[in-house]
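# Observations on the model geometry
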Amino acid sequence: NDESKVSTLDNELEQKLEQFQSNLSTEYQDLSLEWGSAKEIFRTSAKIVLQTVSSVQSGGEIKQYYFDEAAKAISRSIMRNRDALTWLGKMRDEDSYLYEHSVNTATLMGIFARDYGLSIAQTEACITGALLHDLGQSRIKSELMERAGPLSAEEFEEVKQHVELGESLLAEGSEVSDITRAIIAEHHERIDGSGYPKGLKGKEISLFGRMFAIVDTYDALTNNRIYKEAVPSSYGMRTLLELSKTQFDEPLVHQFIKCMGIYPTGSLARLDNGLLVVVIAQNPSHPLKPLVKAIYNAKTQAYVQPRMMDLARDDCEVKILRYENPKDHNIDVDEFMPEELLEA
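Residues numbered from 1 in each chain as written. Predicted model: local features only at pLDDT ≥ 70, side-chain atom pairs only at ≥ 80, totals over all residues. Heavy atoms only, no water.

### Structural notes on the overall build of the chain
The number of helices and strands found in the chain is 13 helices and five strands. Relative to the globule expectation of 20 Å for 344 residues, the C-alpha radius of gyration of the chain, 20 Å, shows essentially globular dimensions. A burial count over the chain gives 53% of its 344 residues as buried. In the chain, of all internal contacts separated by at least 6 residues, the share reaching a separation of at least 24 is 65%. For the chain, the distance from the average position of its 37 positive side-chain charges to the average position of its 55 negative side-chain charges is 5 Å. (Helix = DSSP H or I, 4+ residues; strand = E, 2+ residues; numbered from the N terminus. Rg over C-alpha atoms; globule rule 2.2 N^0.38 Å. Buried < 20%, exposed > 50% of the residue type's maximum accessible area, 1.4 Å probe, protein only. Contact = heavy atoms within 4.5 Å. Lys, Arg positive; Asp, Glu negative; His and termini not counted. Charge placed at Lys NZ, Arg CZ, Asp CG, Glu CD.)

And the structure:
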């Protein structure tokens with residue numbers, strides 16, 4: 001029956017969270033070493049969101065402890081190697097958009113919060129807020145959240161209620177931090193006052209609400225959804241820059257772009273020798289020289305034997321010229337993920 005299913009899942013989740021608690025390392029480690037942990041953290045966090053949505057829909061409770069522990073695990077994984085969870089966020093299934101969007105925004109918000117200089121406790125509260133931010137959608141008809149065509153004015157009003165529904169779901173739990181609450185309440189507010197539900201302007205929106213609005217929009221733009229195809233990371237960044245004149249906090253947008261990398265992990269770029277490369281990992285001390293995988297020769301319009309290149313090496317004489325749109329070359333970047341991930 002349903003109850004025994006739930007308790008089996010609870011036991012599973014609690015075992016996973018115990019494993020995460022035993023891995024407290026925050027020392028930097030190589031991408032290949034972080035895959036395994038990051039994969040477990042991503043999957044478990046998505047399961048927590050999924051299980052909580054089911055629980056809320058059947059009148060059950062939110063186990064806040066699950067979210068807090070998942071947030072700590074995500075935060076530590078980001079410290080060890082931020083590219084692992086970033087890549088996992090690209091392996092998405094559009095049918096489980098809500099769960100994976102919550103985990104991916106949690107990763108992006110954790111990276112942003114760390115680079116902004118927030119404390120570990122504040123960063124974890126930001127990650128918790130991201131995991132919980134769309135929980136109110138579980139109280140909205142799923143048909144409205146997934147429809148491919150436009151919504152009527154009345155339907156859009158109904159969808160907008162997910163913010164207040166999400167707030168009310170946490171109303172009783174006093175252990176939820178103010179930062180987490182702000183993210184849930186303010187993620188659709190915009191600094192020009194055009195957002196909802198309160199139409200807040202400028203600094204009326206907390207720092208955390210302003211940061212998360214950027215993260216939430218970027219992730220929605222750069223991932224496939226049932227009703228909308230993803231745009232490449234570079235185009236997502238460009239859209240944020242355009243909107244920073246009106247809807248977003250401009251200095252925060254610039255800071256977010258800087259911390260994602262000039263050429264974000266998973267994007268396609270052209271080298272000055274004509275090779276097209278997939279960005280595999282960031283190089284924090286040389287933002288313009290990431291670790292890349294060469295896959296295609298734009299001059300001969302033919303694939304090449306994939307090979308890794310560290311553009312920051314002293315003996316590396318090529319550099320990135322510009323972004324490329326994978327569609328222009330019929331390239332599916334996901335096919336060129338790091339090998340460790342393909343075995344996932």
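### Digging into the nonpolar core
In terms of nonpolar packing, the biggest core is built from 76 residues, with L131 and F256 touching the most fellow members. Considering each element in turn, this core owes the most residues, 11 residues, to helix α3 (residues 64-88). Beyond its immediate stretch of four places on either side in the chain, L131 contacts S45, V49, F67, A70, A71, I74, S102, V103 and A106. Listed in part, the 12 residues of the second largest apolar core include L271, L275, M309 and I320. (Core = buried A, V, L, I, M, F, W, Y, C linked by side-chain atoms within 4.5 Å.)

### Re the packing of aromatic side chains
Under the criterion given, the structure shown has seven aromatic pairs. Each member of the aromatic cluster is reached from another via a ring pair, and the members are F112, Y218 and F256. Its end group placed over the ring of Y235, R238 keeps NZ or CZ at 4.7 Å from the ring centre. (Phe/Tyr/Trp six-rings, centres within 6.5 Å; stacked < 30°, edge-to-face > 60°. Lys NZ or Arg CZ within 6 Å of the ring centre and 35° of its normal.)

### Structural notes on the pattern of salt bridges
What the rule picks out here adds up to 14 salt bridges. Across the pair R210 and D249 runs a salt bridge, and its minimum N-O distance is 2.6 Å. Taken as a pair, R210 in helix α10 (residues 207-221) and D249 in the loop between α11 (233-243) and α12 (250-260) lie far apart in primary sequence, 39 residues in all. By relative accessible area, D249 is classed as buried at 11%. With a closest N to O distance of 2.7 Å, E324 and R270 form a salt bridge. Taken as a pair, E324 in the loop between β5 (320-323) and α13 (339-342) and R270 in strand β1 (residues 268-271) lie far apart in primary sequence, 54 residues in all. Overlapping salt bridges, with partners in common, bring together R270, R322 and E324 in one network. (Salt bridge = Lys/Arg side-chain N within 4 Å of Asp/Glu carboxyl O.)

### Things to note about the pairing of strand β4 (residues 302-310)
Strand direction decides the pairing type here: strand β3 (residues 291-297) and β4, joined by six bridges, are antiparallel. Directly across from L291, in β4, lies its bridge partner D310. Counting the residues that bridge the hairpin from β3 to β4 gives four residues, and of these Q301 lies at a positive phi of roughly 55°. (Pairing = 2+ DSSP bridges.)

### Let's talk about the environment of M109
With respect to the helices and strands, the residue M109 is situated in helix α4 (residues 97-116). Judged by relative accessible area, M109 falls into the buried class, the value being 0%. Along the sequence, M109 and L131 sit 22 residues apart, while their C-alpha atoms lie 10.0 Å from each other. Leaving out residues up to four positions away in the same chain, M109 has contacts with C126, A130, I183, F208, M211, F212 and V215.

### A word on the environment of K319
Position of K319 relative to the elements: it lies in the loop between β4 and β5. Looking at K319, the relative accessible area reads 55%, which means it is exposed. In this structure, the C-alpha to C-alpha distance between K319 and K289, residues 30 residues apart in sequence, is 7.2 Å. Not counting residues up to four positions away in its chain, the partners in contact with K319 are R270, L271 and D272.

### With respect to the sheet that holds β3
Ordered by their spatial adjacency, five strands build an open sheet running β4-β3-β2-β1-β5, and the pairing between neighbours is antiparallel. Each edge of the sheet is formed by a strand with only one pairing partner; in this case those strands are β4 and β5. Direction aside, neighbouring strands of the sheet carry axes that sit 30° apart on average. Bridging between β1 and strand β2 (residues 275-281) involves three bridges; their strand directions are antiparallel. (Axes fitted to C-alpha atoms, helices over the stretch in contact; angles between N-to-C directions.)

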